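Each chain, written out:
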Amino acid sequence: RGGVVTAPFSYDVFLNLSNQNEIKLLAHYAEYDSTYDDYLIGGKSQVNGQLQEAASRSPIRFFKLLTENRDDIAELFRDGIMDGIAHYLAYRHGNLGHNENWQPIETEGDELLVIQIIDDLKDHQEYWHNKRDKRVMASTIEACSHLVFCSYHAEQLVRLAEPYLHNHVEDTVFGDVDLITQGINTPEGKV
């Protein structure tokens, strides 16, 4: 038996649901345990991928959903929302390539969004810095750096990045690679 595990629905579902129904759907999948016996239809991991896609297209809406409902959203999905928002910023202002089908719904207010993200990361540093997997915060810091133009917010971003100076992670890239390749494949390298 083989094949590709797919999500039970597309990111469009998240874009078309009300916030209240999104919270209910995320709560359902937070407890969902897929065995892939349902014709290779996945569970929470695949739903999280679709949530990331939705957040990358409508970052302001999903950032608001996250900040207003943080306690009602499972950790995996909190991370998925922030990762999707970071992808949006990196697509629009960084050098992250995207496929031709990706189109953002919201394209205004990116500078204000970055300021709100920095404030939120500061307010929830314990959550982000105590995570075993620090890739989402690293990607978010990197993505925000493209839109920080004043010294105050640059200083705040640097403070958020400081804990990465003291982290040591195992190499995730094997073989004969240069330092840049090694660096960009770790959270510390991204920061």
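Structure shown above.
1. What about the side chain of Glu 106?
Okay, so step 1: If you trace the backbone, Glu 106 turns up in the loop between helix H5 (75–93) and helix H6 (110–123).
Okay, so step 2: Within polar-contact distance, the side chain of Glu 106 engages the side chain of Ser 58 at 2.8 Å.
Okay, so step 3: A distance of 3.3 Å separates a polar atom in the side chain of Glu 106 from the backbone nitrogen of Arg 61.
Okay, so step 4: Contacts of Glu 106, omitting those with residues within four sequence positions, involve Arg 57, Ser 58, Pro 59, Ile 60, Arg 61 and Tyr 88.

2. Remarks on the pattern of salt bridges
Okay, so step 1: In the structure shown here, the tally under the stated rule is nine salt bridges.
Okay, so step 2: A salt bridge links Glu 22 to Arg 61; its shortest N-O distance comes to 2.8 Å. With Glu 22 in helix H2 (residues 19–30) and Arg 61 in helix H4 (residues 59–69), this residue pair connects regions lying 39 residues apart in the sequence.
Okay, so step 3: With a closest N to O distance of 2.4 Å, Asp 120 and Arg 70 form a salt bridge. In this pair, Asp 120 is assigned in helix H6 and Arg 70 in the loop between H4 and H5, connecting sequence segments 50 residues apart.

Quick notes on the rules
- Residues numbered from 1 in each chain as written.
- Predicted model: local features only at pLDDT ≥ 70, side-chain atom pairs only at ≥ 80, totals over all residues.
- Heavy atoms only, no water.
- Helix = DSSP H or I, 4+ residues; strand = E, 2+ residues; numbered from the N terminus.
- Polar contact = N/O pair within 3.5 Å; in protein donor to acceptor, adjacent residues only side chain to side chain.
- Contact = heavy atoms within 4.5 Å.
- Salt bridge = Lys/Arg side-chain N within 4 Å of Asp/Glu carboxyl O.

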